[in-house]
Amino acid sequence: MTGDDIFQLFAFLLPAVVTGAVAFYFFRLHTRNEDGRRRFLLQKDAQKDALPIRLQAYERMVLFLERIALNSLVVRVAPQSKDKAKYENLLIKNIENEFEHNLSQQIYMSDECWSIIKTAKNATIQIIRSAGMSESDSADKLREDILNQTMDKQSPSSAALAYIKKEVSELW
C-alpha cells in the first residue's frame, strides 16, 4: 500500500468514525434521558400511592399528640379513686397505650419527626411524674397540679405538632 492509498483509506474512514461517534453520543444521551423519564414516572406513581398513606400516618400522630396533651388528657381520663399514685399510673398507662397503638406509623415519617414525637411523649410522662412527687394528697389535687404546670409553658405536644405541620407542608 502506498501513501496515497493509506490517505484515501483514512479519508473514507474519518467520516464514518465521526458519524459513528456522533450517533453513539446521541444514542447514549437519549438512553439516559429515557431512563430518567422512566424513573421519574415510577417515582411519581409510587408517590401517588404512598402520599395518602403518609398523610394518614401524620394525621394519626397528630391525633395521638392531641390526646396526650396534658390539658385534654386530664379532662378525658378521670380518676377512678382518690389515690394519687393510681391516677398517675392511669395517666401514664393511657399515654403508653396510645403510643403503642400508633407505633407502626413511624415507617411513614422521618426519623427526626418520630424522635420528636417520642420526646414529646416522654416529656409529658415526666411532667406527670414530677407533678406526682408534689405534696398533693389526692387524685383531684394531682389533676390540678398537672394543669397548673402546663399553664406556665408550652406543652411538649404542641411543639411536636408544630414540627409535624412543618414536615407535612414540605410534602407539597
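Everything that follows concerns the structure shown earlier in this document.
It should be emphasised that the depicted structure is a prediction, and the values quoted were computed from it without experimental measurement.

Q: How should helix 1 (residues 3–68) be read in this particular structure?
A: Given 3.6 residues per turn, any residue in an α-helix points the same way as the ones three and four places further on. In this model, helix 1 (66 residues) spans 91 Å end to end at C-alpha, consistent with the 98 Å of a helix rising 1.5 Å per residue. Along helix 1, the largest kink reaches about 35° and is centred on Ala 50; proline Pro 52 follows within four residues of it. Within the span of helix 1, buried status applies to Glu 34, Leu 51, Ala 57, Tyr 58, Met 61, Phe 64, Leu 65 and Ile 68. Those residues of helix 1 that are buried are in contact with helix 2 (70–76), helix 3 (84–101), helix 4 (111–132) and helix 6 (156–169).

Q: Sorry, what's going on with helix 3 here?
A: For helix 3, with 18 residues, the first-to-last C-alpha span of 26 Å sits near the 26 Å given by 1.5 Å per residue. Every buried residue of helix 3 is listed here: Lys 84, Tyr 87, Glu 88, Leu 91, Ile 92, Ile 95, Glu 98 and Phe 99. The buried residues of helix 3 occupy an angular sector of 130° when the element is viewed end-on, so they sit on one face. Facing away from the buried side of helix 3 by over 90 degrees, the exposed positions are Lys 86, Lys 93, Glu 100 and His 101. In this structure, the buried side of helix 3 is in contact with helix 1, helix 2, helix 4 and helix 5 (139–152). Two or three places before Ala 85, at the opening of helix 3, Asp 83 has a side-chain oxygen 3.3 Å from that residue's backbone nitrogen.

Q: Sorry if this is basic, but what is going on with a nonpolar patch on the surface here?
A: Where nonpolar side chains cluster on the molecular surface, the patch consists of Met 1, Ile 6, Leu 9, Phe 10, Leu 13 and Val 17 and spans about 640 Å² of accessible area. Checked against the element boundaries, Leu 13 lands in helix 1.

Q: Explain the environment of Trp 172 here, please?
A: Here Trp 172 is to be found in the segment after helix 6. Remark: the alpha-carbon pair of Trp 172 and Leu 51, spanning 121 residues in sequence, is separated by 9.8 Å. Leaving out residues up to four positions away in the same chain, Trp 172 has contacts with Leu 51 and Leu 55.

Q: So what exactly am I meant to see when it comes to the nonpolar core here?
A: Soluble globular proteins tend to pack their nonpolar side chains together in the buried interior. The biggest cluster of nonpolar side chains holds 34 residues, and the ones touching the most others in it are Leu 65, Leu 91, Met 109, Ile 117, Ile 128, Ile 146 and Ile 164. Listed by contribution, the elements that provide at least two residues to this core are helix 1, helix 2, helix 3, helix 4, helix 5 and helix 6. Here this core takes 8 residues from helix 4, the largest share from any one element. Leave out the neighbours within four places in its chain, and Ile 117 touches Met 61, Phe 64, Leu 65, Met 109 and Ile 164.

Reading the values: the criteria
Residues numbered from 1 in each chain as written. Predicted model: local features only at pLDDT ≥ 70, side-chain atom pairs only at ≥ 80, totals over all residues. Heavy atoms only, no water. Helix = DSSP H or I, 4+ residues; strand = E, 2+ residues; numbered from the N terminus. Expected span 1.5 Å × (residues − 1). Bend = angle between axes of the 7 residues up to and from the residue. Buried < 20%, exposed > 50% of the residue type's maximum accessible area, 1.4 Å probe, protein only. Contact = heavy atoms within 4.5 Å. Arc of directions from axis to C-beta. Polar contact = N/O pair within 3.5 Å; in protein donor to acceptor, adjacent residues only side chain to side chain. Patch = residues over 30% accessible without salt bridge, like charges linked within 9 Å, V, L, I, M, F, W, Y side chains within 5 Å. Areas by Shrake-Rupley, 256 points an atom, 1.4 Å probe, with all protein chains shown as cover. Salt bridge = Lys/Arg side-chain N within 4 Å of Asp/Glu carboxyl O. Core = buried A, V, L, I, M, F, W, Y, C linked by side-chain atoms within 4.5 Å.

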